[in-house]
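# Topology and contacts: notes
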Amino acid sequence: MSEHTDVLGEPWVARELPLAPQRAYGPHPRAVLVRPRTPSSRRAVLYLHGFTDYFFQAHHAQRWMDAGTDFYALDMRLSGRAIGDHPRPGDVRDLHDLDEEIAAALAVIRAEGHERVVLLGHSTGGLIAAHWADRHPGTVDALVLNSPWLELNSGWFTRVVVSPLVRLVARVWPSLPVGRLDPGYGRYLHHTTGGAWEYDLAWKPFAGFPARAGFAASVRRAQAAVGRGLDVQVPVLVCCSDRSGPAVGPSPSDLASADCVLNVAHMIARGPLLGPRVTVVPVPGGVHDLALSAPPARELYESTAIAWVDRHVPLD
């Protein structure tokens, strides 16, 4: 598996992870693993991004590296660096399909000498990380979940009536678009529209890629399993904002200091259902991706997560 300098520039390098051909993903699906050129620690973080997202938060990775933990990030199939020429970015039919690239990434991390590994998941990546740890005990040493998507941020009618219909549609038309994000949060983040962050809008457009029926049905199955309770045996840290803002038409104030994508009450209520060793920490003033929050909230999130990992995943 060859490496090349990543789009982030030095010291970041990217390694393609070839995946098995599948009809849904074409003959040459791939994921991309990103890391600093020279790993230096026996402990590592593996970052899993959210839906319509990819790894660009180098400032956040640097905090982990400054604290003595190597940072790896996985752009999963049909996301970010791994989209390639596929006509439907984000069209993942089943979250379990992503097991292949997570296993491949962990194999690389272990082969490069890391004895302790923390799985760090944001939003959909948090849901994926929790299920990975539940179904693959012994493969990671702890979970850090940044605003995990543990329940649908919709009213009763959508959650109880529409969701089963989407599952039926997914059996016949898995690529049918069934939803899309409000563009407000993306516009708040991006530097071209007044935000603080620079990233590729081809990989993370303001309104996201369409959420398709197969993906939505798989997410709802995973969320239902969380509602019944998982059995993650490693320590879990769930961090989220301390309040939710409206997911549609949020105000500038909401966008700057609240989660305007998901409902934090779901994370606080469902976090303890992931396993017996869960810590839930609300972050005042945090936005949906806590690593992209204003400096005070971002600093609190990062210092909390790093200190928690130092306690629960020591190198000594």
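Rules and cut-offs
Residues numbered from 1 in each chain as written. Predicted model: local features only at pLDDT ≥ 70, side-chain atom pairs only at ≥ 80, totals over all residues. Heavy atoms only, no water. Helix = DSSP H or I, 4+ residues; strand = E, 2+ residues; numbered from the N terminus. Expected span 1.5 Å × (residues − 1). Buried < 20%, exposed > 50% of the residue type's maximum accessible area, 1.4 Å probe, protein only. Arc of directions from axis to C-beta. Contact = heavy atoms within 4.5 Å. Axes fitted to C-alpha atoms, helices over the stretch in contact; angles between N-to-C directions. Left-handed = near helix turned anticlockwise from the far one by under 90°. Nonpolar A, V, L, I, M, F, W, Y, C, P; charged D, E, K, R; others polar. Pairing = 2+ DSSP bridges. Right-handed = clockwise from strand over helix to strand, strands pointing away. Salt bridge = Lys/Arg side-chain N within 4 Å of Asp/Glu carboxyl O. Patch = residues over 30% accessible without salt bridge, like charges linked within 9 Å, V, L, I, M, F, W, Y side chains within 5 Å. Areas by Shrake-Rupley, 256 points an atom, 1.4 Å probe, with all protein chains shown as cover.

### Digging into helix α9 (residues 295-312)
Between its first and last C-alpha, α9 extends 25 Å over 18 residues, near the 26 Å set by a 1.5 Å rise per residue. Buried residues of α9: Ala-297, Arg-298, Tyr-301, Glu-302, Ala-305, Ile-306, Trp-308 and Val-309, and no others. Along α9, the residues classed as buried sweep out an arc of 160° about the axis, all on the same side. Turned more than 90 degrees away from the buried face of α9, the exposed residues are Pro-295, Pro-296 and Arg-311. Buried residues in α9 make contact with β4 (43-48), α1 (58-66), β6 (116-122), β7 (142-146), β10 (236-241) and β11 (278-283).

### Points about the environment of Thr-279
Within the element layout of this structure, Thr-279 appears in strand β11. For Thr-279, a relative accessible area of 32% corresponds to the partly exposed category. Separated by eleven residues in the primary sequence, Thr-279 and Ile-268 have C-alpha atoms spaced 9.7 Å apart. Setting aside its immediate chain neighbours within four residues, Thr-279 contacts Val-236, Leu-237, Val-238 and Trp-308.

### What to know about the packing of α1 against α9
One way to put it is that α1 packs onto α9 with a least axis distance of 10 Å and a crossing angle of 35°. Crossing of α1 against α9: the hand is right-handed. Contacts from His-59, His-60, Arg-63 and Trp-64 of α1 reach α9 at Arg-298, Glu-299, Tyr-301, Glu-302, Ser-303, Ala-305, Ile-306 and Val-309. The residue makeup of the contact of α1 with α9, split by class, is five nonpolar, three polar and four charged.

### Description of the pairing of β7
For β7, a buried count of five out of five residues is recorded, marking the element as mostly surrounded by other parts of the structure. With five bridges connecting them, β6 and β7 associate as parallel partners. Paired with Val-118 across the two strands is Ala-142, which belongs to β7. Handedness of the β-α-β unit built from β6, helix α3 (residues 124-135) and β7 comes out right-handed. In this sheet, β10 lies alongside β7 in parallel orientation, the contact comprising four bridges. The residue of β10 that forms the bridge with Val-144 is Leu-237.

### Focus on the pattern of salt bridges
Within this structure, the stated rule accounts for 24 salt bridges. Here Glu-100 ties to Arg-77 by a salt bridge, and the two come within 3.2 Å at their closest N and O atoms. Of the two residues, Glu-100 is situated in helix α2 (residues 99-111) and Arg-77 in the loop between β5 (70-75) and α2; the sequence distance between them amounts to 23 residues. Classification of Glu-100 as partly exposed rests on a relative accessible area of 30%. You can call Arg-77 buried: its relative accessible area is 1%. Residue Arg-88 pairs with Asp-91 through a salt bridge whose shortest N-O separation is 2.7 Å. Overall, Arg-88 belongs to the partly exposed group, its relative accessible area being 25%. Classification of Asp-91 by relative accessible area gives buried; the value is 0%.

### Some words on a nonpolar patch on the surface
Taken together, Val-172, Trp-173, Leu-176 and Val-178 make up a surface patch of nonpolar side chains, about 400 Å² in accessible area. Following the sequence through the fold, Val-178 ends up in strand β8 (residues 177-179).

### Description of the environment of Pro-148
Tracing the chain through its elements places Pro-148 in the loop between β7 and α4 (156-172). Residue Pro-148 is classed as buried on the basis of its relative accessible area of 1%. Linking Pro-148 and His-96, residues 52 residues apart in sequence, is a C-alpha distance of 17 Å. For Pro-148, the contacting residues outside a window of four places in its chain are Ser-123, Gly-126, Leu-127, Val-238, Cys-239, Leu-262 and Met-267.

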